[in-house]
Number of protein chains: 4
Amino acid sequence: MDALKEIGVGMLGYAFMGKAHVNAYRTLPYMIDPPPALPRLAAIAGRNEAAVAAAAARYGFAAHYTDWRRLVADPTVELLDNGGSNDVHAAPCIAAAEAGKHLLCEKPIARNATEAKQMLDAARHARVKHMVAFNYRFVPAVRLAYDLIRDGRLGEIRHFRAAYLQDWLTSADSPRTWRLARETAGSGALGDLGSHLVDLARFLVGEPTAVMARTKTFITERPLPGGDGTGRVDVDDAFAAVIELEGGCLGTLEATRFALGRKNHQVFEVNGSKGSLSFNLERLNELNVHWAAGGPGGTGGWTEVLVTEPTHPFIANWWPPGHVLGWEHTFVHEIAHLLDAIANDRPVAPIGATFEDGYRNALICDAILESAAEGRRVEIG
Amino acid sequence: MDALKEIGVGMLGYAFMGKAHVNAYRTLPYMIDPPPALPRLAAIAGRNEAAVAAAAARYGFAAHYTDWRRLVADPTVELLDNGGSNDVHAAPCIAAAEAGKHLLCEKPIARNATEAKQMLDAARHARVKHMVAFNYRFVPAVRLAYDLIRDGRLGEIRHFRAAYLQDWLTSADSPRTWRLARETAGSGALGDLGSHLVDLARFLVGEPTAVMARTKTFITERPLPGGDGTGRVDVDDAFAAVIELEGGCLGTLEATRFALGRKNHQVFEVNGSKGSLSFNLERLNELNVHWAAGGPGGTGGWTEVLVTEPTHPFIANWWPPGHVLGWEHTFVHEIAHLLDAIANDRPVAPIGATFEDGYRNALICDAILESAAEGRRVEIG
Amino acid sequence: MDALKEIGVGMLGYAFMGKAHVNAYRTLPYMIDPPPALPRLAAIAGRNEAAVAAAAARYGFAAHYTDWRRLVADPTVELLDNGGSNDVHAAPCIAAAEAGKHLLCEKPIARNATEAKQMLDAARHARVKHMVAFNYRFVPAVRLAYDLIRDGRLGEIRHFRAAYLQDWLTSADSPRTWRLARETAGSGALGDLGSHLVDLARFLVGEPTAVMARTKTFITERPLPGGDGTGRVDVDDAFAAVIELEGGCLGTLEATRFALGRKNHQVFEVNGSKGSLSFNLERLNELNVHWAAGGPGGTGGWTEVLVTEPTHPFIANWWPPGHVLGWEHTFVHEIAHLLDAIANDRPVAPIGATFEDGYRNALICDAILESAAEGRRVEIG
Amino acid sequence: MDALKEIGVGMLGYAFMGKAHVNAYRTLPYMIDPPPALPRLAAIAGRNEAAVAAAAARYGFAAHYTDWRRLVADPTVELLDNGGSNDVHAAPCIAAAEAGKHLLCEKPIARNATEAKQMLDAARHARVKHMVAFNYRFVPAVRLAYDLIRDGRLGEIRHFRAAYLQDWLTSADSPRTWRLARETAGSGALGDLGSHLVDLARFLVGEPTAVMARTKTFITERPLPGGDGTGRVDVDDAFAAVIELEGGCLGTLEATRFALGRKNHQVFEVNGSKGSLSFNLERLNELNVHWAAGGPGGTGGWTEVLVTEPTHPFIANWWPPGHVLGWEHTFVHEIAHLLDAIANDRPVAPIGATFEDGYRNALICDAILESAAEGRRVEIG
């Protein structure tokens, strides 16, 4: 394995997403056979000195910083992995691009399309590899769905319906974290969850051409995280949208963090003239398909495909049939894809989402907010 | 049982819905114990002499007519059961009301709200009982959902999402029946399927206050039923809408006859602050519920309630637990409810849908069409 | 319909099963098109004068008796429908056969194989039509399973596993009805539920050749129904068996009335070399199938077939796709099959279960009890 | 983290199970917070020099050997992790125990109870920690089931039914690997899959007291792995057993590798007097529970618990609710449990399975084979 290229990783942020990314860097060298490159955990940055030092020790980063500018300046960092809050996506990514670093940015790429466009321009100008972490493209079942549609097996696509339902804000006691302020998050359920749906629509079906949408904030004041008074919630708790997609497909999108009982319920369904398929992230090892052609002896119906066969996307790296994967595996596939793009100068798109995808995604999210605010149909530019 | 009131039924139409209604009239006297009244199959009307005569013989009607005016004029008819196409809902119902007959009309009540208003006015003026056959109110699981919400068990309702998906128009070879022409049907998937969703929204949650919608006609020209040339499809093949409901609930509605693989897939979900529930008509004996309060020892989750216990709505009339009911049973419950209202002068509402419900439903459907045509949010009058 | 043969029905018993049978007689003339014959409700018998008179009035029987001998002697009765407790299966059926009446007997056919053999001999000698009401053969999904296996689509059958789980005896307060006494019932869960599984094994796969079994009585003393003291439970509350079937198939059977949460959970699975299928009575409109051949583009898996297409068994008589059937419909199909056999002198077997099937079923049930009692493998004679 | 004890791991075998164990050793230091100890990958052994060298490089072992005796003799090895075929379980484990190494052995512990007893005696005599890798005890849902039963929430246990169904031997072309020869495997589906079911029965319910069983070998001759001729299959392809458990519980066990369409379908159900639960390994993040006490407003039923809440067993180490785990996570929990037992001198039992559990498991498996061979009920010694 000596011939494998080493790629120095600099990570911004070390919470939920950071842990998932670290796990991918640390396991892919022995899980992916052969690995596309060898990630080296060069440095990690975060605002709190004690916390970032602990994270560096726990995860095995060689250095740690409390200022992202030092991370970006560190010559051992070749890839910036930006898992910070949405308000620190643009500046570090742009600076890193200018320093010639490759880029992996968590979603949504930015707080709005304007920021996203600046990031895209910087990445393009620097000619670095750039990826937005729309990790659900790397669920084996979702990738199988993509392959089936790409190969024309579903025929003409008539419907796409997707919802991403969670319930962690149902209680009025949940604190007003950075995710609930426009300044830090850009938007609420829309950017956090809905951007995944927009990406899936674009990945699987095609470009949205128009939207009609409504947003809702059910609880407008919440306790601040420190326990000190309350803060205003100025982002959407939920949105619902009707979308039109190229090719004449009619769609619906909805995201909320108030769907009591739904934990990580990302579901979508695609109906074509020759086949349909549906997916639920809480059962991410399964893809349901239906073929117009039916089955032997009158046995047409919805087939629950357990996407764990060695012939299924990504599975040959893992376990025998029926030995199911979990959520974090998506990052192993995603980051292996990016490392391969970097090490072997291959394109991130169309399998991975680039900053261009992130920018177009942001345009659509912005259009959803505009439609909701103005009560009218908005065409996507 | 001699003391039971007899009610003479005059039926308009004898196809799909006619058979379902007849079955209800014929089985409820021994299935419902005690029955609320004894229906007498007085007369049936249809355009084709041979067909209506055969239907009368098969189903046991005492008389048959080819002109609905004769049905309405028949003095043995006390209740007009109107299962004709949507363009023959208004005139016969209005005439029957004027003749003092009680009214049961299939859904949608009319081709538009204007017709519906005339029907409502006629029924009110005549002081007869009037019901629109929104039979899904009489699914035991749906009625259980109603009871749970009415009793406040779900808390404040935040979301209602409903879809009614079928696939029988997926093929371009399906003929252009009366259901695909505005003249006879009023609208397409909207009136046929969507009106059920609108009724469920109103029955379970409350009045919609505004809509944003889009319609779609995928195939605009189809072979005429006789095989003689083609006809234009000038109704919607599908619609999707974002709705707002009183009390701040955000909802989505969608209906289509192009969702390949979905046969009679009417699904809805309600999310409240204290509980959630979901339903699928293809598994109509089941209601799924989730309680914020959780379960013993960390066992909170979605409970699949098999709605076949003797304590569940309507079930005491039928079989032991787990001996499931079918689609047609909804009509037995519905018609028993109407006969009880007639025989004992009880109100049809709020459990049954009246012509007022039919009218308000039509207003909302009209608003959906208007929003789709104009690309803007439409408030419900 | 004048040409249709009328068949006079004499019914013994009017509780649970009686109501289900009556419903079949009353609805099949208009549900089955054309009906095979026209049942005439000639007479009904039961021990309690008031109750049987009420049942006759409610269900529309022309006469009623408190002594089954009078029912059997009634010349207007051409078919004895025996839905009495298991201890009144043999004598009335044998007497009716001797009087030249056709026979429909609820399952299990008798308390043991000896009684069953006498019934079979009487029916054969009288050359009347005879059927045991193993109604689950007439579930559309079960009949579809039968057709698929019969046509060889599953290849060589390796496994059959079946369980029939209910929970109505979980509580020690449930009374000791006739079903819990050997004198009246013959056996417990075995005869009541297990006999269905034995019939499905024979119907779908083939003859069992040997059994190893264990029975269990969890609660041996229960309150008598009248509230007057307690009575001994001397039948099995549950049994479990390993069975071997002709052709080398290995199987398991289990039935219990102590599976808390299982209401009418009759499930079976068949694994062949080319296909597998599974079924759950609580979702009786669905059959799950799996084909070794797989699906397009790597989409092999278990297909949930909604058995409501017009091409599926029995469905053309009912409703459009997705408009699901209920439990009682099985009796409509079953009794239509029997009336056709009677009216048109067609064989009841192999689609319907004859008294020969009832007798062989009883032999296997007796072997299960013997194996359980002696702790050894018992070969089926 | 300097204070953490380091434990040198010596691994025998590097295929399927080896990869799963390695992943646990490599990820638990940052996934489990804090980790119980720090595993050091000291050495790995396998018969093929090139393959074992490649495995050592890929997985990061400091040394590699082609003779397990050198592994056992290596002073840097403190824990022997034996993932070899069943015929190399006993000798290396016994030798390692004699050398004072702790022991982790894949299941089944040995080819038969005699070997297992020797292993248990050696481990006990050496006073080392010993564990059999019954990893399904460490599925969060299974552990939740254990907790619920242990706390008495299910009441008196009446039924346990378990099946482990796979299909990878359905085709006659599948080669005769070491798993299909008695010399190397001991038994077939019984030891490979059935031993897991026996362990779950013992872990969840209690000791089996008697069995009645049958085995089956469907295909007795298969191609040898090298492609050179065929070899005899002298182990069971499937077994089915009725078991009796202490406390009066009646159970069934079945395992097969011929259940076409079942990939890793390990299912069990427990019925108690107060509650029931069921599980399916292919949906390992879910546990289904039913409570006799019912739910609010008539909403009793089976609750699908998504076992991903921070309060659920093991979950606090991972991700937010609904971000599901995969199969390999079981090993992380299992090995963390063992390292904790070693580092802090805590008992492996009752949460983990010891060699005593392995031995008792082997006794039961031997009894199943004896019952099958002799056609009689066998009591467990």
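Trainee: Just give me the short version of the overall build of chain A, but keep the residues and values in it.
Mentor: The helix and strand tally for chain A stands at ten helices and 17 strands. Considered along the principal axes of its C-alpha atoms, chain A spans approximately 65 × 55 × 40 Å. A burial count over chain A gives 67% of its 381 residues as buried. Excluding contacts between residues fewer than 6 apart, the proportion of contacts in chain A whose partners are at least 24 apart in sequence is 69%. When the accessible surface of chain A is totalled, it reaches about 12,100 Å², and 49% of it is carbon and sulfur. Across chain A, the centroid of the 38 positively charged side chains sits 1 Å from that of the 45 negatively charged ones.

Trainee: If you had to explain the domain arrangement of chain A to someone new, which residues and values would you point to?
Mentor: Residue and element names in this part refer to chain A. Looking at the assigned domains, one finds that chain A contains domain 1 (6-135) and domain 2 (137-379). Here domain 1 and domain 2 have C-alpha centroids that lie 23 Å from each other. Between domain 1 and domain 2, the residue contacts involve 46 residues of the former and 48 residues of the latter. When domain 1 packs against domain 2, the two sides together hide about 4,000 Å² of surface, and 71% of this comes from carbon and sulfur. Contact with domain 2 buries area across many residues of domain 1, yet Met131, Phe134 and Asn135 alone supply 21% of it, more than any other trio. Our enumeration of links across domain 1 and domain 2 arrives at four salt bridges. For arginine 124, the salt bridge identified is with glutamate 356, shortest N-O distance 2.3 Å. At the surface where domain 1 touches domain 2, the tally comes to 15 residue pairs in polar contact (both at pLDDT 80 or more).

Trainee: Help me get a handle on the relation of the copies chain A and chain B, residues and values and all.
Mentor: Taken as rigid bodies, chain A and chain B are interconverted by a rotation of 180° and an axial shift of 0.0 Å, the fit giving an RMSD of 0.0 Å. What we have between these two chains is a two-fold relation. Relative to the rotation axis, the closest C-alpha in chain A is found at A:Arg376, a distance of 2.0 Å.

Trainee: Give a detailed account of the interface of chain A and chain B, specifying residues and quantitative values.
Mentor: Counting from both sides, the interface comprises 42 residues of chain A and, opposite them, 42 residues of chain B. Summed over both partners, the interface of chain A with chain B comes to about 3,500 Å²; 60% of that surface belongs to carbon and sulfur atoms. Taken together, the connections running from chain A to chain B amount to six salt bridges. Those elements that place two or more of their residues in the side of chain A that touches chain B are β7 (157-165), β8 (208-216), β11 (238-245), β12 (249-256), β13 (265-272) and β14 (275-280) of chain A. When the residues that make up the side of chain A that touches chain B are grouped by side-chain class, the tally is 16 nonpolar, 15 polar and eleven charged.

Trainee: Can you lay out the pattern of salt bridges for me, pointing to particular residues and giving the numbers?
Mentor: Using the criterion set out here, one finds 136 salt bridges over all chains in the structure. For A:Glu269, the salt bridge identified is with B:Arg262, shortest N-O distance 2.8 Å. Here A:Glu269, found in strand β13, pairs with B:Arg262, found in the loop between β12 (249-256) and β13 (265-272), and the two come from separate chains. Across the pair, exposure class does not vary: A:Glu269 and B:Arg262 are buried alike. A:Glu379 is the partner of A:Arg377 in a salt bridge, and the nearest nitrogen-oxygen pair spans 3.2 Å. Judged by relative accessible area, which is 56%, A:Glu379 ranks as exposed.

So, how was this worked out
Throughout, a residue's number is its position along its own chain's written sequence, starting from 1. Chains and ligands are labelled by the order in which they are written, letters from A for the one and numbers from 1 for the other. Only residues with pLDDT of at least 70 are given local features in this predicted model, and only at 80 or more are side-chain atom pairs given and counted; all residues enter the totals for whole chains, interfaces and linings. Hydrogens are left out, water is left out, and the side-chain values use all remaining heavy atoms of the structure. By definition, any uninterrupted DSSP run of H or I lasting at least four residues is a helix, any uninterrupted run of E lasting at least two residues is a strand, and each is numbered from the N terminus. Each residue is assigned to one of three classes by its accessible area relative to the maximum for its type, calculated with a 1.4 Å probe on protein chains only: buried under 20%, partly exposed between the two thresholds, exposed over 50%. Throughout, a contact is declared for two residues whenever any of their heavy atoms are within 4.5 Å. Areas reported as accessible are Shrake-Rupley estimates using a 1.4 Å probe. Residue values count occlusion only from the protein chains shown. Here the positive residues are Lys and Arg and the negative ones are Asp and Glu; neither His nor the chain ends is included. Charged groups are reduced to one reference atom each: NZ for lysine, CZ for arginine, CG for aspartic acid, CD for glutamic acid. The split into domains, and so the bounds of each, comes from an automatic or database assignment of domains. The term buried area refers to how much accessible surface (probe radius 1.4 Å) is lost by two components on association, counted for both of them together. Basic side-chain nitrogens of Lys or Arg form a salt bridge, by our definition, when they fall within 4 Å of a carboxyl oxygen of Asp or Glu. Distance and chemistry together define a polar contact, namely a pair of N or O atoms within 3.5 Å, with one atom able to donate a hydrogen and the other to accept it when in protein, and with adjacent residues in sequence counting only for side-chain atoms on both sides. Here the copies are matched by least squares. The fit uses the C-alpha atoms of residues with pLDDT of at least 70 in both. When residues are grouped by polarity, Ala, Val, Leu, Ile, Met, Phe, Trp, Tyr, Cys and Pro land in nonpolar, Asp, Glu, Lys and Arg in charged, and all others, Gly among them, in polar.

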